[in-house]
Amino acid sequence: MKKMQDKREKEKAIVEDMVTLYCRKVHKTPKKDRLCPECAEMLQYAKERSDRCPFMETKSFCVNCKVHCYKPEMREKIKKVMRYAGPRMIFYHPFTAIHHVISVQKEKRNMK
């Protein structure tokens, strides 16, 4: 049970790092610990989805999930954030970025 909660918290932390990076660079939000209202809403939504995920035991990140629980509008927004922030994470959070890429690729191999 603790392991699953740790996974949830890790996933939420990565999403928060990515949304923060996106907001700071794209929306020009001046402070690292602040988000614009749009990004704050998106982050809150993403965290709620993660908290309610019934597949947390068997998946590492939402990208590998067969069931997408995001509303279509929010899914498009989070995809945009991921496309922007994902490649840039290596410069701002290198260990997190490397671990994330390895975990996603390992899970994709295991799913085949």
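Now for a quick tour of the structure. (Residues numbered from 1 in each chain as written. Predicted model: local features only at pLDDT ≥ 70, side-chain atom pairs only at ≥ 80, totals over all residues. Heavy atoms only, no water.)

1. Here's the deal with the overall build of the protein chain
In step 1: Within the protein chain, the secondary structure is distributed over 4 helices and 0 strands.
In step 2: Expected size for 112 residues packed as a compact globule is a radius of gyration near 13 Å; at 14 Å, the protein chain falls within 12% of this value.
In step 3: Overall size of the protein chain, expressed as C-alpha extent along the three principal axes, is 40 × 30 × 25 Å.
In step 4: Considering the protein chain as a whole, with its 112 residues, one finds that 34% of them fall into the buried category.
In step 5: Sequence separation of at least 24 residues holds for 72% of the intrachain contacts in the protein chain that already meet a minimum separation of 6.
In step 6: For the protein chain, the computed accessible surface area is about 7700 Å², with 57% contributed by carbon and sulfur atoms.
In step 7: Positive and negative charge centroids in the protein chain, built from 28 and 14 side chains respectively, lie 5 Å apart. (Helix = DSSP H or I, 4+ residues; strand = E, 2+ residues; numbered from the N terminus. Rg over C-alpha atoms; globule rule 2.2 N^0.38 Å. Buried < 20%, exposed > 50% of the residue type's maximum accessible area, 1.4 Å probe, protein only. Contact = heavy atoms within 4.5 Å. Areas by Shrake-Rupley, 256 points an atom, 1.4 Å probe, with all protein chains shown as cover. Lys, Arg positive; Asp, Glu negative; His and termini not counted. Charge placed at Lys NZ, Arg CZ, Asp CG, Glu CD.)

2. Re the layout of surface pockets
In step 1: Here the largest pocket defines a volume of roughly 780 Å³.
In step 2: Residue lining of the largest pocket: 32 residues in total, with Phe61, Cys62, Val63, Met82 and His100 positioned closest to the centre.
In step 3: Every element with two or more residues in the lining of the largest pocket is listed here: α1 (2-26), α2 (37-51), α3 (72-92) and α4 (94-111).
In step 4: Split into classes, the residues belonging to the lining of the largest pocket amount to 19 nonpolar, 6 polar and 7 charged. (1 Å grid on protein atoms, 1.4 Å probe; cavity = no way out; pocket = protein on both sides within 12 Å on 5 of 7 lines; lining within 4 Å. Points joined across faces, edges and corners; volume = space filled by probe spheres on them. Nonpolar A, V, L, I, M, F, W, Y, C, P; charged D, E, K, R; others polar.)

3. Re the packing of α1 against α2
In step 1: One can describe the packing of α1 onto α2 by two numbers: an axis separation of 10 Å at closest approach and a directional angle of 165°. The angle between α1 and α2 places the two elements in the roughly antiparallel class. In terms of crossing hand, the pair formed by α1 and α2 is right-handed. Here Arg8, Glu11, Lys12, Val15, Glu16, Val19, Tyr22 and Cys23 of α1 lie close against α2, whose contacting residues are Cys39, Leu43, Ala46, Lys47, Ser50 and Asp51.
In step 2: Tallied by class, residues from the contact of α1 with α2 come to 7 nonpolar, 1 polar and 6 charged. (Axes fitted to C-alpha atoms, helices over the stretch in contact; angles between N-to-C directions. Parallel < 35°, antiparallel > 145°, perpendicular 65-115°, else oblique. Left-handed = near helix turned anticlockwise from the far one by under 90°.)

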